[in-house]
Amino acid sequence: MAYAITRTCCNDASCVSVCPVNCIHPTPDEPEFGTTDLLYIDPQACIDCGACADACPVDAVFPVDRLRGPDVVYGDLNRDWYRDHPNDHSWGAPSFPRSLPGELGTLRIAVVGTGPSAGYTAQELLRCTSAELTMIDRLPVTGGLLRHGVAPDHQSTKRIAESFASVFHDPRLRMHLNLEVGTDVTHEELAAHHHAVVYAVGAAADRRLGVPGEDLPGSLPATSFVGWYNADPTVPADTVELSAERVVVVGNGNVAVDIARILLTDPDRLAVTDIADHALAALRRSRVREVVLLARRGPEQAAWTTPEFLALRRLPGVELVVEDHPQVRAAIESAAPDSRAALLAGLPLVPTGEGVEPGPESESGPGRRIVLRFLSAPVELTGADGRVSGLTVERTVLTADGEPGGPTGERETLRAGLVVRSIGHRGVPVPGLPFDERTGTVARQGGRVVDPATGRALPGAYLVGWAKRGPSGGIGANRACARETVDALLDDAVARVLPEPSAGRAEFERLVRRRRPDAVGLRELRAVDRAERERGAAQGRPRVKLATVAELLAAGRRR
């Protein structure tokens, strides 16, 4: 019986490298890699060896005959992908790990960040070089997006962090947490102690709507909402107020879907995850009964992935509906199979207007629903008593290429006590590096930081992840991205263009202790991990996160 890849696929291609018959596609060498929602196993070519399931870091691969309930659809999705993408599974040219000439000596490399892109970068460097690594994070705990971005009900996705555990414990790696580059140490100081510095700092800022009322209390960026339910210590516990019945989320990508799902999921189901305690308590008190996912464009241009949307359709106790509109109805009725719009087939179409209320009471309590509203652009947030009370939207129409056309003049104000903008991320400047305001990224070519005035690479400065390519691609996309950056770094090492550091590892550690006495390392990180797991075990949860810097530092000292 063939295997199939299911919705928790991380796309990092660990399964591709172990498949003995090359029946998992797209591979990292194929054009569609990084753009498909999943990787896919060809049921006609699969030999049922199970190597892919053993290699999968997020437990996404199962025999088709073992799929149950809502996961049965993934057998069909894997099969149908090859209907539209025939492949003879021929092998490409072999590739071999990089290595460096011995006469180059031992490189010292700093990696700023500890999220997935940083983890893959360190993994690659430790695998193919004898380099000594320094990993730095502004927070006193590692994980980045894996800890503070992945939704708490996606525990299998978080398991990819386990693949980085051996990286963080490698004797060639030193860790300095609670240390901020640009504040505690400068880029120039990092460069003075290392041959190269790789920045894996993500894209920490949100894009703004640019409409009146956006800064009213009750108007939040998605990063704040996600950080709130994930115990990000930079997001206060009282950031989110859930006293209103309707929430509007502007955007319909995976993050927007996550927010809607968390808002309406039965808190008892979340109580077995690692959701922040303060968020769980707030969700138990929540009066939210309806979440509106608002999009300027139509169903075919929806930004969610198929697996995430299918999970939304199966949310227990929650009705998923589409706000009716002639263009929306036409898009659904004429949708091609496997298109975004086709996913909406069969969902109830509900009329527009404020007269539409959440569903009726049921035995399990007040009716809850998610409304997919397309062709609606936000134009103003309105307030009452110092808080958001509504969002005024204007109808858009689709042009022939699927873009929203000009304003129609048809406006409506939706009552809402909370508005979350989830329209994308943007990078923030890294002190000491040139920043491209147009793209919201550090100026670069490939993985190298460049001087935008001359186009020349800055020796020893590199980028990886969202800091390099902008906010695109999921967790697994960072693996190929890291390999590209490491290849550039190794090319520069072989070409002998990396600057020679003027000071060594011991001098850098003294500098850290002098600048940030409360910086923490691996021993403290282990103590935090133990404390959170012990708290979790007492409640039948994977862990209970410590939600403030003070709590994390105190747990680290109790080692």
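Remember, it's a predicted structure, so these values are computed and weren't measured experimentally. (Residues numbered from 1 in each chain as written. Predicted model: local features only at pLDDT ≥ 70, side-chain atom pairs only at ≥ 80, totals over all residues. Heavy atoms only, no water.)

## Looking at the nonpolar core
(1) Moving on: By size, the foremost hydrophobic cluster in this structure holds 123 residues, and its most contacted members are Ile-24, Phe-225, Ile-370, Leu-372 and Phe-374.
(2) Moving on: At seven residues, the largest contribution of residues to this core is made by helix α10 (residues 254-264).
(3) Moving on: With near-sequence residues (within four places) excluded, Leu-372 lies in contact with Leu-293, Trp-304, Phe-309, Leu-320, Val-321, Val-322, Glu-323, Leu-344 and Leu-347.
(4) Moving on: Core analysis: the second largest hydrophobic core is formed by 21 residues, Leu-190, Val-197, Phe-435 and Ala-519 among them. (Core = buried A, V, L, I, M, F, W, Y, C linked by side-chain atoms within 4.5 Å. Buried < 20%, exposed > 50% of the residue type's maximum accessible area, 1.4 Å probe, protein only. Helix = DSSP H or I, 4+ residues; strand = E, 2+ residues; numbered from the N terminus. Contact = heavy atoms within 4.5 Å.)

## Brief notes about the pattern of salt bridges
(1) Moving on: Taken as a whole and judged by the stated rule, the model has 43 salt bridges.
(2) Moving on: With its nearest N and O atoms 3.8 Å apart, the salt bridge here joins Arg-172 to Asp-170.
(3) Moving on: With a closest N to O distance of 3.1 Å, Arg-533 and Asp-529 form a salt bridge. Of this pair, Arg-533 and Asp-529 are both found in helix α18 (residues 522-539), four residues apart, which corresponds to roughly one turn of the helix.
(4) Moving on: By sharing partners, the salt bridges in this structure join Asp-76, Arg-79, Asp-80, Arg-83, Asp-84 and Asp-338 into a single network. (Salt bridge = Lys/Arg side-chain N within 4 Å of Asp/Glu carboxyl O.)

## Digging into the packing of helix α4 (residues 116-128) against helix α16 (residues 477-494)
For any two helices packed against each other, the geometry is given by the interaxial angle and the distance between the axes.
(1) Moving on: One can describe the packing of α4 onto α16 by two numbers: an axis separation of 8 Å at closest approach and a directional angle of 50°. For the element pair α4 / α16, the angle class is oblique. Between α4 and α16 lies a crossing of right-handed hand. Residue-level contacts link Pro-116, Ser-117, Tyr-120, Thr-121, Glu-124, Leu-125, Arg-127 and Cys-128 of α4 to Asn-478, Arg-479, Ala-482, Arg-483, Val-486 and Leu-490 of α16.
(2) Moving on: Looking at the contact of α4 with α16, its residues break down into seven nonpolar, three polar and four charged. (Axes fitted to C-alpha atoms, helices over the stretch in contact; angles between N-to-C directions. Parallel < 35°, antiparallel > 145°, perpendicular 65-115°, else oblique. Left-handed = near helix turned anticlockwise from the far one by under 90°. Nonpolar A, V, L, I, M, F, W, Y, C, P; charged D, E, K, R; others polar.)

## As for the environment of Thr-27
(1) Moving on: Summarising the element assignment, Thr-27 is placed in the loop between β2 (24-25) and β3 (40-41).
(2) Moving on: Looking at Thr-27, the relative accessible area reads 9%, which means it is buried.
(3) Moving on: In the structure, Thr-27 is positioned ten residues away from Ser-17 in sequence and 8.8 Å away in space, judged by C-alpha atoms.
(4) Moving on: If near-sequence neighbours (up to four positions away) are discounted, Thr-27 is found in contact with Val-16, Asn-22 and Phe-33.

## What to know about the sheet that holds strand β16 (residues 376-384)
(1) Moving on: Spatial strand order, β16-β17-β18: three strands in an open sheet with antiparallel pairing. Edge positions in the sheet fall to β16 and β18 (411-415), since each of these pairs with one other strand and no more. With direction set aside, neighbouring strand axes in the sheet form an average angle of 30°.
(2) Moving on: For strand β17 (residues 387-395) and β18, the ladder comprises five bridges, and the chain directions are antiparallel. Paired with Leu-391 across the two strands is Leu-414, which belongs to β18. (Pairing = 2+ DSSP bridges.)

Function cannot be inferred from these measures alone, as they are strictly geometric.
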